[in-house]
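Residues per chain are reported as follows:
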Amino acid sequence: GSKALITLKDKNGKLIADAKITVLIAGRKINLATNSKGQASLSVNLAPKTYDMSISYAGNANYLKSSLMRAITINKASSKIKASKKTFKLKLKTKKYTITLRNQFSKAIKKAKVKLKINGRTYSAKTNSKGKASFKITKLKKGGTFKATIRFAGNSYYKKATKKVKIKVKK
């Protein structure tokens, strides 16, 4: 999701605390309240693009109502692959290697396709609800240390990510 910080001030620049504000964005109506610093945090999960956002304050005994229209741009979130070097025994026919894919807020990226390339072969997997993907490496039938590259090509919400690791196979 994306986050925005909204600050409510009067015409003299004084912060307005504990005020109720309403935000309209992408057909959603979101009710928020400002904190002691006159700020409200907006968290939305929207596809990357530019949206019109309307912010309104109904006013109170001390302040008149007000509203503001702003364009807000949601950018693709960054992604990060967490993968470590791993050692397998040669006798294992299927070597299971697991990685984790997360966004910049350390939240799991679900149902994302990831690829692992090692020793000239490419393996594909999909992340689960915890952002974990397991590759079943079946064609490493000799010992040695291999360079592996894990890639997430990105999607409509997240930027691409790449991670290189070493995978060792020993007798």
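As a starting point, this report considers the structure included with it. (Residues numbered from 1 in each chain as written. Predicted model: local features only at pLDDT ≥ 70, side-chain atom pairs only at ≥ 80, totals over all residues. Heavy atoms only, no water.)

Considerations on the overall build of the chain
At step 1: A count of helical and extended segments in the chain gives zero helices and 14 strands.
At step 2: Counting from the amino terminus, helix and strand elements in the chain follow one another as β-β-β-β-β-β-β-β-β-β-β-β-β-β.
At step 3: Along the longest, intermediate and shortest principal axes, the C-alpha atoms of the chain span 80 × 25 × 20 Å.
At step 4: Across the 171 residues of the chain, 35% fall into the buried class.
At step 5: For the chain, the proportion of contacts with a sequence separation of at least 24, taken over those separated by at least 6, is 49%. (Helix = DSSP H or I, 4+ residues; strand = E, 2+ residues; numbered from the N terminus. Buried < 20%, exposed > 50% of the residue type's maximum accessible area, 1.4 Å probe, protein only. Contact = heavy atoms within 4.5 Å.)

So, the nonpolar core
At step 1: Ranked by internal contacts, the top residues of the largest apolar core, which has 27 residues, are Tyr97 and Phe135.
At step 2: The set of elements that each furnish at least two residues to this core consists of strand E9 (95-103), strand E10 (113-118), strand E11 (121-126), strand E12 (132-137), strand E13 (144-152) and strand E14 (161-170).
At step 3: Residues Ala4, Ile25, Leu42 and Val44 belong to the second largest nonpolar core, which totals 20 residues. (Core = buried A, V, L, I, M, F, W, Y, C linked by side-chain atoms within 4.5 Å.)

Describing a positive patch on the surface
At step 1: A cluster of like positive charges, contributed by Lys85, Lys89, Lys91, Lys117, Lys147, Arg151, Lys160, Lys164, Lys166, Lys168 and Lys170, occupies part of the molecular surface.
At step 2: Counting only elements with at least two residues in the positive patch, the list comes to E13 and E14.
At step 3: Among the elements that make up the positive patch, the one with the highest residue count is E14 (four residues). (Patch = residues over 30% accessible without salt bridge, like charges linked within 9 Å, V, L, I, M, F, W, Y side chains within 5 Å. Areas by Shrake-Rupley, 256 points an atom, 1.4 Å probe, with all protein chains shown as cover. Salt bridge = Lys/Arg side-chain N within 4 Å of Asp/Glu carboxyl O. Lys, Arg positive; Asp, Glu negative; His and termini not counted. Charge placed at Lys NZ, Arg CZ, Asp CG, Glu CD.)

Some remarks on the sheet that holds E13
At step 1: In spatial order, the strands read E8-E14-E13-E10-E11; together these five strands make up an open sheet with mixed pairing. Edge positions in the sheet fall to strand E8 (86-89) and E11, since each of these pairs with one other strand and no more. On average, each strand axis in the sheet is tilted by 25° relative to the strand beside it, whichever way the strands run.
At step 2: Alignment of E10 against E13, held across five bridges, turns out to be antiparallel. (Pairing = 2+ DSSP bridges. Axes fitted to C-alpha atoms, helices over the stretch in contact; angles between N-to-C directions.)

Some thoughts on the sheet that holds E12
At step 1: Read from one edge to the other, the open sheet built from three strands follows the order E7-E9-E12, with strand pairing classed as antiparallel. Only two strands of the sheet have a single neighbouring strand rather than two, namely strand E7 (79-82) and E12. With direction set aside, neighbouring strand axes in the sheet form an average angle of 25°.
At step 2: Examined bridge by bridge, E7 and E9 share four bridges and lie antiparallel to one another. The partner of Lys82 across the bridge, within E9, is Thr100.

Some thoughts on the pairing of strand E5 (residues 49-57)
Regular strands show a simple pattern: their side chains alternate between the two faces of the sheet.
At step 1: Of the pairings in the sheet, the one linking strand E2 (residues 20-25) to E5 comprises five bridges and is antiparallel in character. Paired with Leu24 across the bridge in E5 is Ser54.
At step 2: Sheet analysis places E5 next to strand E6 (residues 66-74), joined by nine bridges and oriented antiparallel. Looking across to E6, one finds that Ser54 is bridged to Met69.

Looking at the environment of Ala112
At step 1: Looking at where Ala112 falls in the secondary structure, it is placed in the loop between E9 and E10.
At step 2: Measuring from C-alpha to C-alpha, the distance between Ala112 and Gly131 comes to 8.0 Å, with 19 residues separating the pair along the chain.
At step 3: Excluding residues that lie within four positions of it along the chain, Ala112 makes contacts with Leu101, Ala125, Lys126, Thr127 and Phe152.

Take it as geometry only, folks, not as evidence of what the structure does.
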